[in-house]
Amino acid sequence: MAKERGDEDRTKLSRSVYERELYRLQTELVALQEWVRHEGARLVVVFEGRDAAGKGSAIKRVTQYLNPRVARIVALPRPTERERTQWYFQRYTEHLPAAGEIVLFDRSWYNRAGVERVMGFCTPAEHQRFLRQCPVFERMLVEDGILLRKYWFSVSDEVQEKRFRRRLKDPTRRWKLSAMDLESLTRWEEYSRAKDEMFVHTDIAEAPWYVVESDDKHRSRLNMIAHLLSTVPYHHVTPPELDLPPRPPNTGYQRPPRDLQTYVPDHAAGLE
């Protein structure tokens, strides 16, 4: 159901408050990363939700200051013909973290419960098999020691349509829209029923779903990051002390003449 008009404006944070709190939370995410690396923990964060719900922008803020060798984003393309013949979860298991790693799934195995189910890309039998196997699969991950967090970004139909229209006009974000994305407007209720059925089967005690209201993107990012930090028992790891060594004296090195190398043209100079 769409939210009442004006709800988004009443809850909007000032930019200064948003940026200050975002930076504080991102600093804590760095501390979380160092704890994961120090303790050899394995953290998986699943980002799901409707198109234009704000998943991608939330992932960007989560990873903005993290080490890409520790925290990596997994956004898989459509399966190959070979992958279609595998056990459904197989293509996802190879991307699970090793010790000291964080993996953020920008959409995940839950494709089967959403777009594949609504658009007919899987059979009803495959969909029902997924709903039976998914809780078992996730309990296995948790039992093996993986920290699994699942976030559903919830957006109203009115706000989703506004974001789609902005993307159509923005050449830097036009690539985010596809014919399938636009079809989600006409299949709103089908996606709603699919999501409700998915929650019934997969909102389990070992790996519950956490819903993020995302009509206000600033508020949703802060809420999601703060919640993630609150669910992981991390602590600040004291970094080793580092001192800059003294620069050694010049031993006679001379840089080659600049005209022996090819430089990038000074495009910025033409902007002054």
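Residues numbered from 1 in each chain as written. Predicted model: local features only at pLDDT ≥ 70, side-chain atom pairs only at ≥ 80, totals over all residues. Heavy atoms only, no water.

Details of the UniProt feature "domain: Polyphosphate kinase-2-related" (unreviewed entry) in the protein chain
In this structure's numbering, the residues bearing the UniProt feature "domain: Polyphosphate kinase-2-related" (unreviewed entry) are residues 13-237. Within residues 13-237, the helical portion is 52% and the strand portion 14%, while the C-alpha atoms at the span's ends are 32 Å from each other. (UniProt positions renumbered as here; feature names shortened; annotations may be inferred. Helix = DSSP H or I, 4+ residues; strand = E, 2+ residues; numbered from the N terminus.)

Quick notes on unusual backbone geometry
Phi angles above zero are rare outside glycine, and Ala-52 is one such case at about 70°. Turning to its location among the elements, Ala-52 is positioned in the loop between strand 1 (42-49) and helix 3 (55-63). Although it is not a glycine, Arg-107 sits at a positive phi angle of roughly 70°. For Arg-107, a relative accessible area of 26% gives the class partly exposed. (Buried < 20%, exposed > 50% of the residue type's maximum accessible area, 1.4 Å probe, protein only.)

Description of the nonpolar core
With 33 residues, the main nonpolar core has Leu-32, Phe-47 and Met-224 as its most contacted residues. Among the secondary structure elements, those contributing two or more residues to this core are helix 2 (15-39), strand 1, helix 3, strand 3 (101-106), strand 4 (147-154) and helix 11 (217-231). Ranked by residue count, the leading element in this core is helix 2, at 8 residues. Beyond its immediate stretch of four places on either side in the chain, Leu-32 contacts Leu-43, Leu-229, Val-232 and Tyr-234. (Core = buried A, V, L, I, M, F, W, Y, C linked by side-chain atoms within 4.5 Å. Contact = heavy atoms within 4.5 Å.)

Side note on the side chain of Arg-50
Take Arg-50: it is sitting in the loop between strand 1 and helix 3. An unpaired buried charge is present at Arg-50: no salt bridge exists, and Asp-196, the closest side chain of opposite charge, is 7.3 Å distant. A distance of 3.4 Å separates the side chain of Arg-50 from the backbone oxygen of Trp-188, its partner in a polar contact. Here Ser-192 takes part through its side chain, which lies 2.3 Å from a polar atom of the side chain of Arg-50. Ignoring anything within four residues of it in the chain, the contact list for Arg-50 reads Lys-55, Arg-107, Trp-152, Phe-153, Val-155, Gln-160, Trp-188, Tyr-191 and Ser-192. (Lys, Arg positive; Asp, Glu negative; His and termini not counted. Salt bridge = Lys/Arg side-chain N within 4 Å of Asp/Glu carboxyl O. Polar contact = N/O pair within 3.5 Å; in protein donor to acceptor, adjacent residues only side chain to side chain.)

Some details on the confidence of the model for the protein chain
Overall, the prediction assigns the protein chain a mean pLDDT of 94, with 96% of residues at 70 or greater. Overall, residues 1-8 carries pLDDT values under 50, and its contacts beyond four positions in sequence, including any with other chains, amount to 10 contacts. (pLDDT = per-residue confidence, 0-100.)

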